[in-house]
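# Working through the structure, step by step
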Amino acid sequence: MELGLVLEGGAMRGMYTAGVLDVFLDHKIKVDRIVGVSAGALFGINYLSGQKGRVIRYNKQFNSDKNYMGLLPLLREGNIVSTKYAYEDVPRRFDPFDDEQYQKSGVPFYAVVTEVKSGKPDYVQINSVFEQMDTLRASGSMPFVSRAVKIGEKEFLDGGISDGVPFQWLSSQGCDKMIVVLTRDMEYRKKPMSPALTGLYSRKYPQIAKQLRGRHLRYNRTIETLKQWEKDGRAFVIRPSKPIRIKKIEKDPDKLQAVYDLGVHDAESAILLLKEYINKY
């Protein structure tokens, strides 16, 4: 039997996930497999490296830098988050990521990406963060504000386009029960995307356009299924206790901190029930 951990994306709503995972580190919560989507992958790796506080620290420090995230990197690189600054300089020099400790954890970690030609999800095991940084970058490459990332002969975008909450996939990998961390509250339901926006991909990436048009339907069905799994005891869900109001590229450190603090609060509130769930497992 295996216990899995699923981490939803959501750009800077991922500060919520960072808060939850830091509480997991405090309470030594252990799992057998992890899958992360977009920000869930980018921030979730710090759970296995054991670097409590790193996610909120570097986002508060660097997000407000116009060369790190925003219009300038979008105009220069075609990416709203700078590839070199965010994926090379910060993790290797300015706030080093502990890839050695990550690898020593021995816990399989998968990042979800969307292959642009087929529009289908791919679930890639990250054995080394530094060696597979492009895969993590692809998982977090938000549509419309990011270029597709070429890996081998294929190109990829944000994993949330095709599988935003991959608990069913993780179940197929042998996880009998799982913890799912969402970044949307109980009442949230995704709405259809503007046809004008999805149409931007119609010529170059028609399957991506198709996925975006139906994304709200798939996501809402997925959440309904997850609620049933939660009721049946197959999943333990931690979700925001109130709606998160934050920009996708939020730069205000106080707002980032508030979302992180909400994650800490909700995880601490749920920790006793979570431990009971794990012990039953």
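About the thresholds
- Residues numbered from 1 in each chain as written.
- Predicted model: local features only at pLDDT ≥ 70, side-chain atom pairs only at ≥ 80, totals over all residues.
- Heavy atoms only, no water.
- Phe/Tyr/Trp six-rings, centres within 6.5 Å; stacked < 30°, edge-to-face > 60°.
- Lys NZ or Arg CZ within 6 Å of the ring centre and 35° of its normal.
- Core = buried A, V, L, I, M, F, W, Y, C linked by side-chain atoms within 4.5 Å.
- Buried < 20%, exposed > 50% of the residue type's maximum accessible area, 1.4 Å probe, protein only.
- Helix = DSSP H or I, 4+ residues; strand = E, 2+ residues; numbered from the N terminus.
- Contact = heavy atoms within 4.5 Å.
- Pairing = 2+ DSSP bridges.

Attention now goes to the packing of aromatic side chains. For the structure on display, the rule yields 16 aromatic pairs. Taken together, a centroid distance of 6.1 Å and an interplanar angle of 55 degrees make the contact between Phe-97 and Tyr-102 tilted. Taking NZ or CZ as reference, Arg-92 lies 4.3 Å from the ring centre of Phe-130, over its face. If you follow Arg-234 out to its NZ or CZ, it ends over the ring of Trp-229, 3.7 Å from the centre.

Turning our eyes to something else, we now look at the nonpolar core. In a soluble, globular protein the nonpolar side chains are often hidden away together inside. Core analysis: the biggest nonpolar cluster contains 56 residues, and Leu-5, Met-15, Phe-24, Ile-34, Tyr-47, Leu-136 and Ile-179 have the highest contact counts within it. Take this core: its biggest share by element is ten residues, from helix α11 (residues 253–280). In this view, Leu-136 contacts Ala-41, Leu-42, Ile-45, Ala-111, Ile-126 and Val-129; residues no more than four positions away in its chain are not counted.

With five of seven residues buried, strand β7 (residues 175–181) is to be regarded as a mostly interior element. Judged from the four bridges that link them, β7 and strand β8 (residues 235–238) form a sheet pairing that is parallel. Paired with Val-181 across the bridge in β8 is Ile-238.

The subject of this paragraph is helix α3 (residues 54–62). By the burial criterion, the buried members of α3 are Arg-54, Val-55, Ile-56, Tyr-58, Asn-59 and Phe-62. Residues of α3 that are buried sit in contact with α1 (14–26), α2 (39–49), α5 (83–94) and α11.

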